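Now for the letters of each chain:
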Amino acid sequence: EDKVVQSPLSLVVHEGDTVTLNCSYEVTNFRSLLWYKQEKKAPTFLFMLTSSGIEKKSGRLSSILDKKELFSILNITATQTGDSAVYLCAVEIQGAQKLVFGQGTRLTINP
Amino acid sequence: SAVISQKPSRDICQRGTSLTIQCQVDSQVTMMFWYRQQPGQSLTLIATANQGSEATYESGFVIDKFPISRPNLTFSTLTVSNMSPEDSSIYLCSVDSGQGFNGYTFGSGTRLTVV
């Protein structure tokens, strides 16, 4: 059974801190790994990773994939209260165009 | 990337009734996906809808409970039938963003409460 596991499930930090969110996976046929931010209902796309060791960066957010060890991390530096959200990791299954989601990490940034 | 209009945004329904959720996409897409997010849980794929063919349902989801229509390449509906409180969830539609693939785009979601 395809599985995506995120850790921690919940994280509370102070504004300005740096956080690292983890995502590990076991799937039958990997195509890509995606990170999303969910603030209310609709997840918004952050990154798509397909190759190992290549960091994707967008402002204070960055992410990298390790296809040998089957995990990815999402880093957020200099956190702001607006970063408070649930961060979702999903793996796309090759051939099925299907996303398998992890449980999400609820990140709370306190001022 | 594609823009999806999903409605209703939220609804409170009586048990035993049905609710139809609509998603309209601003461009033609081959496949549309319907997800459910139960309270405190992550997203689970209900079914994949192709235009002109029957939807493909994931394990644990059946057509009688979640009938789907896909009349054209820009529109789909999901019906939640004979609702019970366990159906209280956020329901989301999604499409491939296209244009070199920048992830999947999600609709704004429907928050359903069954009382």
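Here is a short report on the structure shown in this document. (Residues numbered from 1 in each chain as written. Chains lettered and ligands numbered in written order. Predicted model: local features only at pLDDT ≥ 70, side-chain atom pairs only at ≥ 80, totals over all residues. Heavy atoms only, no water.)

### Some thoughts on the layout of surface pockets
Once rolled over the atoms, a probe with the size of a water molecule shows which space is left empty. Taken as a whole, the largest pocket holds about 480 Å³ of empty space. Lining the largest pocket are 18 residues, and of these E1(A), D2(A), V100(A), F101(A) and T44(B) sit closest to its centre. Looking at the lining of the largest pocket, the elements with two or more residues in it are β1 (3–7) and β10 (98–101) of chain A together with β5 (43–50) of chain B. Looking at which element gives the most residues to the lining of the largest pocket, the answer is β10(A), with 4 residues. (1 Å grid on protein atoms, 1.4 Å probe; cavity = no way out; pocket = protein on both sides within 12 Å on 5 of 7 lines; lining within 4 Å. Points joined across faces, edges and corners; volume = space filled by probe spheres on them. Helix = DSSP H or I, 4+ residues; strand = E, 2+ residues; numbered from the N terminus.)

### Considerations on the environment of L65(A)
Residue and element names in this part refer to chain A. When you line up the elements, L65 lands in strand β7 (residues 61–66). Separated by 42 residues in sequence, L65 and C23 have C-alpha atoms that sit 9.4 Å apart. Here L65 is in contact with Y25, F30, L33, L49, T50, S51, S52, G53, F71 and S72, once residues within four sequence places are set aside. (Contact = heavy atoms within 4.5 Å.)

### Here we look at the nonpolar core
Grouped together as the largest cluster of nonpolar side chains are 26 residues, with contacts concentrated most on W34(B), I46(B), F66(B), I68(B), Y91(B) and L112(B). Breaking this core down by element, the ones donating at least two residues are β3 (19–25), β4 (31–37), β5, β8 (75–80), β9 (89–96) and β11 (110–114) of chain B. Take this core: its biggest share by element is 4 residues, from β3(B). Those residues in contact with Y91(B) that sit more than four places away from it in its chain are Q6(B), I21(B), Y35(B), R36(B), I46(B), F66(B), L78(B), V80(B), G109(B), T110(B) and L112(B). By size, the runner-up hydrophobic cluster in this structure holds 23 residues, among which are V19(A), L21(A), F47(A) and I76(A). (Core = buried A, V, L, I, M, F, W, Y, C linked by side-chain atoms within 4.5 Å. Buried < 20%, exposed > 50% of the residue type's maximum accessible area, 1.4 Å probe, protein only.)

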